[in-house]
Amino acid sequence: MTMRTPRLTYTLRALAFLLRYPDAQVRALAPQAWQAMADEGAVPRARLQRLQALVQAWQQQDGYDVEAAYVETFDRGRSTSLYLFEHVHGDARERGPAMIDLWQTYEAAGLRLRSRELPDHLPVLLEFASTQPPEVARALVGEVAHILNAIIGALLRRHSRYADVLCAVLEACGQRVQPAEPHPEPALDDSWAEPAAFGGCPSAASAGGEQPVQFVRRRDAAAVPIV
């Protein structure tokens, strides 16, 4: 008798949803996203309970506080950025070609991004992975597992409940949660400074230094829009 492998379609979409900017609509629909993820059964029960606590906290807190916490968590400092290539390339020139390559991966699968979306934004990547067969989705998440563990380490240092969302991504896809110790960050003014022309050094995503990210292309995938 073979063990059934959980699907990931609703799980990855729900986790992507929980990583969106938590405006009023996202907060209102978050319990439904959590339930869809629970029904699919890909996330361990203990992690589901922690995610439920996050969703319930959104319902109880003032909406402004929830949104402000999101901005403080993900928009102030590179170590917690949800733009994956910032952790690999930083502001270096290599980031542009990497973005184009990922965009072409989406295009080959019949997916189209909205004009304001960047292809390396983690919620976008998870939406894309949710349209793929489970084995392809797991391989895709495996390619960025070292980056997710680096972000998890930074989130845990800030005592952020969002760490559970990224842990759930790894666990649902059969990856180990191994939080990396975050690297010291420059002062905010320094991190926003203009990079030197044709200069800059890639930031390391883990203690082992820069690691490549290779994405699996599947041209026969169903055309499901990223929303």
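It should be emphasised that the depicted structure is a prediction, and the values quoted were computed from it without experimental measurement.

Here we look at the environment of F17
- Within the fold, F17 resides in helix 1 (residues 9-18).
- Sequence separation between F17 and P123 is 106 residues, and the spatial gap between their C-alpha atoms is 7.0 Å.
- Those residues in contact with F17, other than ones at most four positions away along the chain, are Q25, V26, L29, A30 and A33.

What about the environment of H146?
- Take H146: it is sitting in helix 9 (residues 145-157).
- In this structure the C-alpha to C-alpha distance between H146 and Q175, which are 29 residues apart in sequence, comes to 9.9 Å.
- At a separation of 3.4 Å, a polar atom in the side chain of H146 contacts the main-chain carbonyl oxygen of E143.

Some details on the pattern of salt bridges
- Applying the stated rule across the entire model yields seven salt bridges.
- One salt bridge in this structure joins R27 and E67, with 2.9 Å as the shortest N-O distance. Of the two residues, R27 sits in helix 2 (residues 24-40) while E67 sits in helix 4 (residues 63-74), which places them 40 residues apart along the sequence.
- Using a relative accessible area of 14% as the deciding quantity, one classes R27 as buried.
- The shortest N-O distance in the salt bridge between E171 and R47 comes to 2.8 Å. With a gap of 124 residues between them, E171 in helix 10 (residues 162-172) and R47 in helix 3 (residues 45-60) connect regions that are remote in the sequence.
- Linked by salt bridges that have partners in common, R47, R50, D164 and E171 make up one network.

Considerations on the environment of G96
- Here G96 lies in helix 6 (residues 95-108).
- When the C-alpha atoms of G96 and F85 are compared, they prove to be 9.3 Å apart, with eleven residues separating the residues in sequence.

Some thoughts on the nonpolar core
- Ranked by size, the top nonpolar core spans 60 residues in total, and within it L19, M37, L122, L148, V165 and L166 carry the most contacts.
- If one sorts the elements of this core by residue count, helix 10 sits on top with nine residues.
- Ignoring sequence-local partners within four residues, the contact set of M37 consists of T11, A14, L15, L18, V43, L48 and L51.

Side note on helix 3
- Taking 1.5 Å of rise per residue, the 16 residues of helix 3 would be expected to cover 22 Å, and the 23 Å separating its terminal C-alpha atoms lies within 8% of that figure.
- Considered for burial, the residues of helix 3 that qualify are R47, L48, L51, L54, V55, A57 and W58.

Here we look at the confidence of the model for the protein
- Mean pLDDT over the protein works out to 81, with 74% of the residues at or above the 70 mark.
- Summarising per-element confidence for the protein, the mean pLDDT is lowest in helix 11 (residues 188-191) (48) and highest in helix 10 (98).
- Counting contacts from residues 194-211, a segment whose pLDDT is below 50, to residues more than four positions away or on other chains yields 27 contacts.

Observations concerning the side chain of T131
- Of note, T131 is situated in the loop between helix 7 (122-130) and helix 8 (134-143).
- A distance of 2.6 Å separates a polar side-chain atom of T131 from the backbone oxygen of F128.

Here we look at unusual backbone geometry
- Even without being glycine, H159 reaches a positive phi, approximately 60°.
- For H159, the location among the structural elements is in the loop between helix 9 and helix 10.
- Owing to a relative accessible area of 74%, H159 belongs among the exposed residues under this scheme.

What about the packing of aromatic side chains?
- Evaluated as defined, the whole model comprises six aromatic pairs.
- Their ring planes at 75° and their centres at 5.8 Å tell us that Y70 and Y162 sit as a pair that is edge-to-face. Within this pair, whereas Y70 is found in helix 4, its partner Y162 is found in helix 10, the two being separated by 92 residues in sequence. An identical accessibility class is assigned to Y70 and Y162; each is buried.
- A connected cluster of aromatic rings, assembled from ring pairs, spans Y21, W58, Y70, F74 and Y162.

Here's the deal with helix 9
- Compared with the 18 Å implied by 1.5 Å per residue over 13 residues, the 18 Å span of helix 9 between its first and last C-alpha is a close match.
- Taken together, the buried positions of helix 9 are A145, H146, I147, L148, N149, A150, I151, I152, G153, A154 and L155.
- Lining the buried residues of helix 9 we find helix 4, helix 5 (84-88), helix 7, helix 8 and helix 10.
- In the stretch just after helix 9, H159 is the one whose phi turns positive, near 60°.

Criteria and thresholds
- Residues numbered from 1 in each chain as written.
- Predicted model: local features only at pLDDT ≥ 70, side-chain atom pairs only at ≥ 80, totals over all residues.
- Heavy atoms only, no water.
- Helix = DSSP H or I, 4+ residues; strand = E, 2+ residues; numbered from the N terminus.
- Contact = heavy atoms within 4.5 Å.
- Polar contact = N/O pair within 3.5 Å; in protein donor to acceptor, adjacent residues only side chain to side chain.
- Salt bridge = Lys/Arg side-chain N within 4 Å of Asp/Glu carboxyl O.
- Buried < 20%, exposed > 50% of the residue type's maximum accessible area, 1.4 Å probe, protein only.
- Core = buried A, V, L, I, M, F, W, Y, C linked by side-chain atoms within 4.5 Å.
- Expected span 1.5 Å × (residues − 1).
- pLDDT = per-residue confidence, 0-100.
- Phe/Tyr/Trp six-rings, centres within 6.5 Å; stacked < 30°, edge-to-face > 60°.

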